[in-house]
Amino acid sequence: LERQLVMQNEMRERQTAMQIAWTREFLKYFGTFYGLAAVGLTARAIKKKNPGILVPIVPLTFVLAYQYDMGYGTLLQRMKGEAENILDTQSALLQLPKGLLTYEDLEKSRRSQSKFFIEK
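A quick note: this is a predicted structure, and the numbers were derived from the prediction, not measured.

Draft legend 1. Looking closely at a nonpolar patch on the surface. A cluster of nonpolar side chains, namely Leu87, Leu93 and Leu94, defines an oily patch on the protein surface of about 330 Å² accessible area. One can find Leu94 in the loop between α3 (75-89) and α4 (103-113). Residue classification places Leu94 among the partly exposed residues on the basis of a relative accessible area of 45%.

Draft legend 2. Broad picture of the side chain of Gln67. Inspection of the secondary structure puts Gln67 in helix α2 (residues 57-72). Given a relative accessible area of 11%, Gln67 falls into the buried group. In contact with Gln67, not counting residues within four places along its chain, are Thr23, Phe26 and Leu27.

Draft legend 3. View of the packing of aromatic side chains. Summed over all chains, the structure comprises 4 aromatic pairs. A ring pair is formed by Trp22 and Phe26, whose centres lie 5.2 Å apart and whose planes are at 10°; its orientation type is stacked. Of the two residues, Trp22 and Phe26 are both situated in helix α1 (residues 2-48); the distance of 4 residues between them amounts to about one turn of the helix. Judged by its relative accessible area of 54%, Trp22 falls in the exposed class. Between Phe26 and Phe30, the ring centres sit 5.8 Å apart and the planes meet at 15°, which makes this aromatic pair stacked. Of the two residues, Phe26 and Phe30 are both situated in helix α1; the distance of 4 residues between them amounts to about one turn of the helix. Judged by its relative accessible area of 29%, Phe26 falls in the partly exposed class. Residue Phe30 is classed as buried on the basis of its relative accessible area, which comes to 11%. Here the aromatic cluster, defined as three or more aromatic residues joined through ring pairs, consists of Trp22, Phe26, Phe30 and Phe33.

Draft legend 4. Structural detail: the packing of α1 against α2. Contact pair α1 / α2: the axes reach a minimum separation of 9 Å and the direction vectors enclose 155°. Considered as vectors, α1 and α2 are oriented roughly antiparallel to each other. In the packing of α1 onto α2, the handedness of the crossing is left-handed. Across the contact of α1 with α2, the residue classes tally to 16 nonpolar, 7 polar and 1 charged.

Draft legend 5. Structural view of unusual backbone geometry. The backbone of Lys49 sits at a positive phi, close to 55°, despite the residue not being glycine. Turning to its location among the elements, Lys49 is positioned in the loop between α1 and α2. We classify Lys49 as exposed; its relative accessible area is 75%. Phi at Lys98 takes a positive value of approximately 65°, unusual for a residue other than glycine. On the secondary structure map, Lys98 appears in the loop between α3 and α4.

Rules and cut-offs
Residues numbered from 1 in each chain as written. Predicted model: local features only at pLDDT ≥ 70, side-chain atom pairs only at ≥ 80, totals over all residues. Heavy atoms only, no water. Patch = residues over 30% accessible without salt bridge, like charges linked within 9 Å, V, L, I, M, F, W, Y side chains within 5 Å. Areas by Shrake-Rupley, 256 points an atom, 1.4 Å probe, with all protein chains shown as cover. Salt bridge = Lys/Arg side-chain N within 4 Å of Asp/Glu carboxyl O. Helix = DSSP H or I, 4+ residues; strand = E, 2+ residues; numbered from the N terminus. Buried < 20%, exposed > 50% of the residue type's maximum accessible area, 1.4 Å probe, protein only. Contact = heavy atoms within 4.5 Å. Phe/Tyr/Trp six-rings, centres within 6.5 Å; stacked < 30°, edge-to-face > 60°. Axes fitted to C-alpha atoms, helices over the stretch in contact; angles between N-to-C directions. Parallel < 35°, antiparallel > 145°, perpendicular 65-115°, else oblique. Left-handed = near helix turned anticlockwise from the far one by under 90°. Nonpolar A, V, L, I, M, F, W, Y, C, P; charged D, E, K, R; others polar.

Here is the structure:
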């Protein structure tokens, strides 16, 4: 059992590391896109003398900030803290419908799905 717990934790850590690495890689590409879009939209707004052209930068800024916070900031620590808070104070939200699955529930489901099972 202890080995299984260690293995599950290793897998969780690797998945989290992959998620952070993916976010950092995405941030490079999105940051480049954001920079080019900001320069292009700013130049066009100045040329046309229409500041409304800069409106698309607002949502792009939020996406960039989120990705940066996920890849290099404290988002994961804040999420972990909130998850711990939910586990400690709002555990009722985590209850499964109809409670925990039991062996009898599994057998009943298996029997109902099996075409070849003959009840004794």
